[in-house]
Amino acid sequence: MISMFLVFAVFILFYINKMTNALCLQKEIPEERQPKVFRTINILITILLVSSYIEILFT
């Protein structure tokens, strides 16, 4: 179960980062602000993935 969820989580993080990069390019976000955008989105997605894993684990 853990290995399947980890593969799913890595795929989700990769795809979200790909979409974040497209957003940065489309909205012409300056290079110095892009790391903050990526960090914020990655932290939020990681929290979402951890909470969903905990929910699956206890149900």
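Within every chain, residues take consecutive numbers counted from 1 along the sequence as written. At least 70 in pLDDT is required for a residue's local features to be given in this predicted model, at least 80 for side-chain atom pairs to be given and counted, and no such filter applies to totals for whole chains, interfaces and linings, which use all residues. Hydrogens and water are ignored here; the side-chain numbers use all heavy atoms of the structure.

1. Points about the overall build of the chain
Inference 1: A run of H or I in DSSP becomes a helix once it reaches four residues, and a run of E becomes a strand once it reaches two; helices and strands are each numbered from the N terminus. On a plain count of helices and strands, the chain comes out with two helices and zero strands.
Inference 2: In terms of overall dimensions, the chain has C-alpha extents of about 45 × 15 × 15 Å along its principal axes.
Inference 3: By residue count, 19% of the 59 residues in the chain fall in the buried class.
Inference 4: Using a 1.4 Å probe, the Shrake-Rupley method yields the accessible areas, and only the shown protein chains count as cover for residues. About 4,900 Å² of surface is accessible on the chain, with carbon and sulfur atoms providing 72% of the total.
Inference 5: For the purpose of charge, His is not counted, nor are the chain termini; Lys and Arg are scored as positive and Asp and Glu as negative. In this description, the location of a charge corresponds to atom NZ of lysine, CZ of arginine, CG of aspartate or CD of glutamate. Side chains of the chain carry 5 positive and 4 negative charges; the gap between the two charge centres is 1 Å. Relative accessible area decides the class of each residue, using a 1.4 Å probe on protein chains only: under 20% of the type maximum gives buried, over 50% gives exposed, and in between gives partly exposed.

2. Description of the side chain of Thr20
Inference 1: Inspection of the secondary structure assignment puts Thr20 in helix α1 (residues 2–26).
Inference 2: Here Thr20 falls in the buried class, since its relative accessible area comes to 4%.
Inference 3: Under the rule applied, a polar contact is a pair of N or O atoms within 3.5 Å (in protein, one hydrogen donor and one hydrogen acceptor; residues adjacent in sequence only if both atoms are side-chain atoms). In this structure the side chain of Thr20 is engaged in a polar contact, spanning 2.8 Å, whose partner is the backbone oxygen of Ile16.
Inference 4: Residues are treated as being in contact if the distance between any of their heavy atoms lies within 4.5 Å. Aside from chain neighbours lying at most four places away, what touches Thr20 is Val37, Phe38 and Ile41.

3. A look at α1
Inference 1: For a helix, the expected span equals 1.5 Å multiplied by the residue count minus one. The end-to-end C-alpha separation of α1 is 36 Å, in line with the 36 Å expected for 25 residues at 1.5 Å each.
Inference 2: Restricting attention to buried positions, one finds in α1 the residues Phe5, Ala9, Ile16, Thr20 and Cys24.
Inference 3: Looking at the buried residues of α1, the elements they touch are α2 (34–57).
Inference 4: Just beyond α1, the residue with positive phi is Glu28, at close to 55°.

Fair warning: the whole summary comes from geometry, so function is off the table for now.
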